Amino acid sequence: MLSIGITIVIAGIILFLYMLFLAFQTNVKEHHLLVKEMPKATQLNILFISDIHRRKIDDTLIHSIIGKVDLVIIGGDLTEKGVPLMRTKFNLKQLKKLGPVYYVFGNNDREVGESNLVSIFQELDIQILNNTSVTISEGKIPIRLVGINDGFVGKVSIADAFNLVEEKDIIIFVSHAPAFFHSALKVSKPRLMLAGHFHGGQIRIGPIGIYEKGSYRLKENRAELISNGFGTTGVPLRLGAKSECHIITLHNMER
């Protein structure tokens with residue numbers, strides 16, 4: 001009986017260490033989206049990262065993708081209560097090395113004080129998409145990035161977010177939570193939809209988890225990406241839902 005108890009304890013310690021290891025992995029997933037309206041032989045490479053929470057973005061990630069992306073989109077939960085503002089600022093400076101940075105609020109971000117975050121964003125010239133949009137690629141058919149408020153603490157206005165969108169635009173829609181994908185589809189035809197929030201359930205036993213595992217899905221001339229997220233909340237542990245960020249390439253060439 002004693003040996004069985006020791007075996008269980010050792011197995012528990014090994015499992016804990018493995019879950020801790022998974023929580024701090026750096027996994028970069030690559031996705032491609034065919035957009036035939038884009039000019040010939042052009043492409044747009046986007047880094048999407050969400051749910052950073054307490055993690056620190058180290059040089060390993062930045063050096064592995066620097067020069068490979070044109071811009072960065074942060075899908076909310078950049079931080080949470082208890083995270084030092086200096087760490088958040090450090091993470092943003094790291095991401096700024098890759099290109100222009102765009103951000104939408106997550107449900108935990110305002111826990112550190114909205115004005116504190118806004119001050120950092122202004123200092124680092126980071127664009128907040130709070131029920132608004134911005135053109136990220138000019139041309140005959142512009143690519144427009146549309147972002148909304150978090151929907152938990154803040155107020156979402158789909159009408160305001162899409163106010164400047166034109167029918168010809170190639171639209172990228174970003175929301176912290178994927179629940180708002182349906183609302184965006186009611187008023188427009190986004191080609192790419194981005195969200196996080198659920199961490200893929202964070203801890204899963206096989207196919208069983210509190211929330212659905214993250215995925216990249218092609219649907220009716222568009223793509224929907226729901227990320228497992230880069231960091232964790234509650235406990236710094238993962239199982240069956242690896243931490244991740246994403247490089248999405250929009251292009252007009254068949255592969």
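Note: the structure precedes this text.
Asks: What should I look at first to understand the packing of aromatic side chains in this one?
Replies: Each aromatic ring pair is described using two quantities: the centre-to-centre distance and the angle formed by the ring planes. On inspection of all chains with the given rule, the structure shows 5 aromatic pairs. Judged by centre distance (5.1 Å) and plane angle (75°), the rings of Tyr103 and Phe105 are edge-to-face. Side by side, Tyr103 and Phe105 carry an identical accessibility label, which is buried. Both rings, one in Phe162 and one in Phe173, keep their centres 5.8 Å apart while their planes meet at 20°; by these two values the pair is stacked. Of this pair, Phe162 sits in the loop between α5 (158-161) and β8 (170-174) while Phe173 sits in strand β8, placing them 11 residues apart in sequence. Here the two residues Phe162 and Phe173 agree in accessibility, since each one is buried. Joined through ring pairs, the aromatic side chains of Tyr103, Phe105 and Phe121 make up one cluster. The ring of Phe230 has Arg55 lying over it, and the distance from NZ or CZ to the ring centre is 3.9 Å.

Asks: How should the sheet that holds strand β7 (residues 143-147) be read in this particular structure?
Replies: Paired through their backbone hydrogen bonds, the strands of a sheet run either parallel or antiparallel. Taken together, 6 strands build an open sheet; the order of strands is β6-β7-β8-β9-β11-β10 and the sheet is mixed. Lying at the two open borders of the sheet, with one neighbouring strand each, are β6 (132-137) and β10 (215-219). With strand direction ignored, the average angle separating the axes of adjacent strands in the sheet is 20°. Across 5 bridges, β6 lies against β7 in antiparallel orientation. By the bridge assignment for β7, Ser133 is matched with Val146.

Asks: I keep staring at the pattern of salt bridges and nothing clicks. Help me out?
Replies: Should the charged atoms of two oppositely charged side chains come close, the side chains can pair. Scanning the entire structure with this criterion turns up 11 salt bridges. Of the charged contacts in the structure, one is a salt bridge between Arg191 and Glu37, with a shortest N-O distance of 2.7 Å. You can see Arg191 sitting in the loop between α6 (181-187) and β9 (192-195) and its partner Glu37 sitting in the loop between β1 (28-34) and β2 (43-49), a full 154 residues away along the chain. Take Arg191: its relative accessible area is 8%, and that puts it in the buried class. Note that Lys89 is salt-bridged to Glu123, the shortest N-O span being 2.8 Å. One end of the pair, Lys89, is in helix α3 (residues 85-96); the other, Glu123, is in helix α4 (residues 114-124), with 34 residues separating them in the sequence. Counted as one network, the salt bridges with shared partners bring together Lys219, Glu220, Arg222 and Glu224.

Conventions used here
- Residues numbered from 1 in each chain as written.
- Predicted model: local features only at pLDDT ≥ 70, side-chain atom pairs only at ≥ 80, totals over all residues.
- Heavy atoms only, no water.
- Phe/Tyr/Trp six-rings, centres within 6.5 Å; stacked < 30°, edge-to-face > 60°.
- Buried < 20%, exposed > 50% of the residue type's maximum accessible area, 1.4 Å probe, protein only.
- Helix = DSSP H or I, 4+ residues; strand = E, 2+ residues; numbered from the N terminus.
- Lys NZ or Arg CZ within 6 Å of the ring centre and 35° of its normal.
- Pairing = 2+ DSSP bridges.
- Axes fitted to C-alpha atoms, helices over the stretch in contact; angles between N-to-C directions.
- Salt bridge = Lys/Arg side-chain N within 4 Å of Asp/Glu carboxyl O.

Purely geometric stuff here, so don't read any function into it on its own.
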